[in-house]
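Listed here are the chains, written in short residue letters.
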Amino acid sequence: MKDSILNGIISGLIAGIILGILTLTIITPLILKAEKFENSVTVINDGSASHEHGEGEEMPFYKRLLLTMVGTTTLGAAYGIVLNIIYFYLKNKGIKKGLILGFLGFLFVNLLPGIGLPPNPPGVETITEVENRQLWWFLLIGAEIMSIGMFWFVHKILRNLYKAVAIPAAALISLVVISIPFIFGSPSGIKYSLVPDDIVNIFRIASFTVAFIFWLSLGGFVAYFNKGLQREEGLV
């Protein structure tokens, strides 16, 4: 198990480096572009007071590179350990299973939360207050955990009695559970934006795309570095 956790850390570090490179080359330029729009606009607060954003001092590239890489590799290692533990207990293993795990990670960590709380560049202010956005996020995480538990529970009950409908029924119930936060309403409305809509849309698409590549890479590397587990179980 220790070797398996080490494999998860190594997988996460590599995937984190990929995430860092993609962030610096795709996401960061969009953030800097959005900041230029934000800094050039006079914002009127509460209809009475106004202030103008200064140009500010741009962070040196080496510092941005260091902070980005430290952040993405730390995040990658953490997710790598979690994904590796899940992979360790799978009955069947392989690159395909690793990629599926990676996709599920993207689904639960980025895509579903991103539907209700889409990533926004600097200069975009949402209608909902931070506390309410955090509350909704925790509600969604709870619903995701509950939906996974319901899927396992329903599938376990039905697989021996009604095998043909076990997976569809479990998936349907899980879908209902995970829909609860969205039924209450997602806090995604924009109060105002100092950034053109096309930049906001590109930023969101880029954020999801980068996250998708990160998670698939992580799942693939987890499966690759755990080939020994497959040989032990006679699966290779």
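In the block above lies the structure referred to throughout.
Quick look at the structure, then. Not measured: the values here are computed from a predicted model. Per chain, the residues get numbers from 1 upward, laid out in the order the sequence is written. With the structure being a predicted model, the display of local features is reserved for residues of pLDDT at least 70 and the display and counting of side-chain atom pairs for 80 or more, all residues being used for whole-chain, interface and lining totals. Remark: hydrogens and water are excluded; side-chain values derive from all non-hydrogen atoms of the structure.

All right, on to the overall build of the protein chain then. Secondary structure elements follow DSSP: runs of H or I no shorter than four residues count as helices, runs of E no shorter than two count as strands, and numbering proceeds from the N terminus. When helices and strands are counted, the protein chain shows seven helices and four strands. Burial statistics for the protein chain: of 236 residues in total, 35% are counted as buried. The long-range fraction of contacts in the protein chain, counting pairs at least 24 apart against all pairs at least 6 apart in sequence, stands at 80%. With an accessible surface of roughly 14,100 Å², the protein chain has 68% of that area assigned to carbon and sulfur atoms. Burial status follows relative accessibility: with a 1.4 Å probe on protein chains alone, a residue under 20% of its type maximum counts as buried, one over 50% as exposed, and anything between as partly exposed. Working rule for contacts: check all heavy atoms of both residues, and any pair within 4.5 Å makes them a contact. The protein chains shown are the only cover counted for residues, whose accessible areas, like all others here, come from Shrake-Rupley with a 1.4 Å probe.

Expected span, for any helix, means 1.5 Å times one less than how many residues it has. Over its 28 residues, helix H2 (residues 61-88) runs 39 Å from end to end, which matches the ideal 40 Å to within 8%, given 1.5 Å per residue. Among the residues of H2, those classed as buried are Arg64, Thr68, Thr72, Thr73, Gly76, Ala77, Gly80, Leu83, Asn84 and Tyr87.

As for its placement among the helices and strands, Phe214 is situated in helix H6 (residues 197-225). A relative accessible area of 3% means that Phe214 is categorised as buried. Taking the C-alpha atoms as reference, Phe214 lies 8.3 Å from Gly102; in sequence the two are 112 residues apart. With residues up to four places along the chain from it excluded, the contact list for Phe214 reads Ala15, Gly16, Leu19, Gly76 and Tyr79.

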